Amino acid sequence: MYREDRLPQSPKEGIIFMLIISIISVNTIAPIIMGMEFGFSKENYLKTLKIIPVMWIIVIILIRFVAGPLVGKVMPIFVGETDGFNARVLLNTLLNVTILSILLTIIGTWVGTKQISLEPFQHFFHSWFRNFGVAFWIELLIAQPIARFAMKKIHAKQARKTEAVNF
């Protein structure tokens, strides 16, 4: 079976891939969304830094137990056998960001305000469209390409080691 060098090929690589994407995403998306919501200032950025570790854990849990399984079930419905790598990556990113942005629009508000309230539901569509847009473009243009580049480098290094051993 064809193995794509830009994607993880083992559980260890899967963890590395997810860590790269999640760390980049949480450290860029959260400050941008907070800045858009409350203004771009040093004080707001420092408040965001305090929330990032909690949000990172929440993101990892949501990816592993909610978005991942849902996307895994939905992808085969939309993906054809002849669809290329880029089409699959784009759809996967779109589906993951949609699910995560919906959930994190609600959960992120609760974590940020340190209370469970109806506020995220009252402003959901305004907040969600903005959050989705920020997250989608960060994922598509920054986080995913960096993680795929790292996988390609890891696989190239493994191939060089294999070639050296075979000589």
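(A) How the structure looks around helix α2 (residues 42-78). Its 37 residues give α2 an end-to-end C-alpha distance of only 43 Å, which falls more than 12% under 54 Å, the value for a rise of 1.5 Å per residue. Where α2 bends most, the angle comes to about 45°, and this point is I63. Of the surrounding secondary structure, the elements contacted by the buried residues of α2 are α1 (11-38) and α3 (85-113).

(B) Fine view of α1. For α1, spanning 28 residues, the distance from its first C-alpha to its last is 39 Å, which sits close to the expected 40 Å at 1.5 Å a residue. If you check which residues of α1 are buried, you get E13, F17, I21, S22, I24, S25, V26, I29, P31, I33 and G35. As for α1, its buried residues are in contact with α2 and α5 (124-166). Downstream of α1 by a residue or two, G39 has a phi angle that is positive, lying close to 100°.

(C) Focus on the packing of aromatic side chains. Within the structure shown, the criterion is met by eight aromatic pairs. Three or more aromatic residues joined by ring pairs form one cluster here, namely F124, F125, W128, F129, F132, F136 and W137. Over the face of the ring belonging to F65 we find R64, whose NZ or CZ atom lies 5.7 Å from the ring centre.

(D) Layout of the side chain of N96. Topologically, N96 is positioned in helix α3. Overall, the relative accessible area of 17% leaves N96 in the buried class. There is a polar contact of 2.7 Å between the side chain of N96 and the side chain of N92. Discounting chain neighbours no more than four positions away, the residues touching N96 are A67, G68 and V71.

(E) Spatial organisation of a nonpolar patch on the surface. A contiguous nonpolar surface patch, about 410 Å² in accessible area, is contributed by W137, L141, I142 and I146. Mapped onto the elements of the fold, L141 is located in helix α5.

(F) Fine view of the pattern of salt bridges. Taken as a whole and assessed by the stated rule, the structure comprises two salt bridges. As a salt-bridge pair, E4 and R6 come within 2.6 Å of each other at their nearest N and O atoms. A relative accessible area of 13% means that E4 is categorised as buried. The exposure class of R6 is partly exposed, given its relative accessible area of 27%. When the shortest N-O distance is used, the salt bridge between E37 and R130 registers 2.7 Å. Of this pair, E37 sits in helix α1 while R130 sits in helix α5, placing them 93 residues apart in sequence. Relative accessible area serves as the criterion here: at 15%, R130 is assigned to the buried category.

What counts, and at which threshold
Residues numbered from 1 in each chain as written. Predicted model: local features only at pLDDT ≥ 70, side-chain atom pairs only at ≥ 80, totals over all residues. Heavy atoms only, no water. Helix = DSSP H or I, 4+ residues; strand = E, 2+ residues; numbered from the N terminus. Expected span 1.5 Å × (residues − 1). Bend = angle between axes of the 7 residues up to and from the residue. Contact = heavy atoms within 4.5 Å. Buried < 20%, exposed > 50% of the residue type's maximum accessible area, 1.4 Å probe, protein only. Phe/Tyr/Trp six-rings, centres within 6.5 Å; stacked < 30°, edge-to-face > 60°. Lys NZ or Arg CZ within 6 Å of the ring centre and 35° of its normal. Polar contact = N/O pair within 3.5 Å; in protein donor to acceptor, adjacent residues only side chain to side chain. Patch = residues over 30% accessible without salt bridge, like charges linked within 9 Å, V, L, I, M, F, W, Y side chains within 5 Å. Areas by Shrake-Rupley, 256 points an atom, 1.4 Å probe, with all protein chains shown as cover. Salt bridge = Lys/Arg side-chain N within 4 Å of Asp/Glu carboxyl O.

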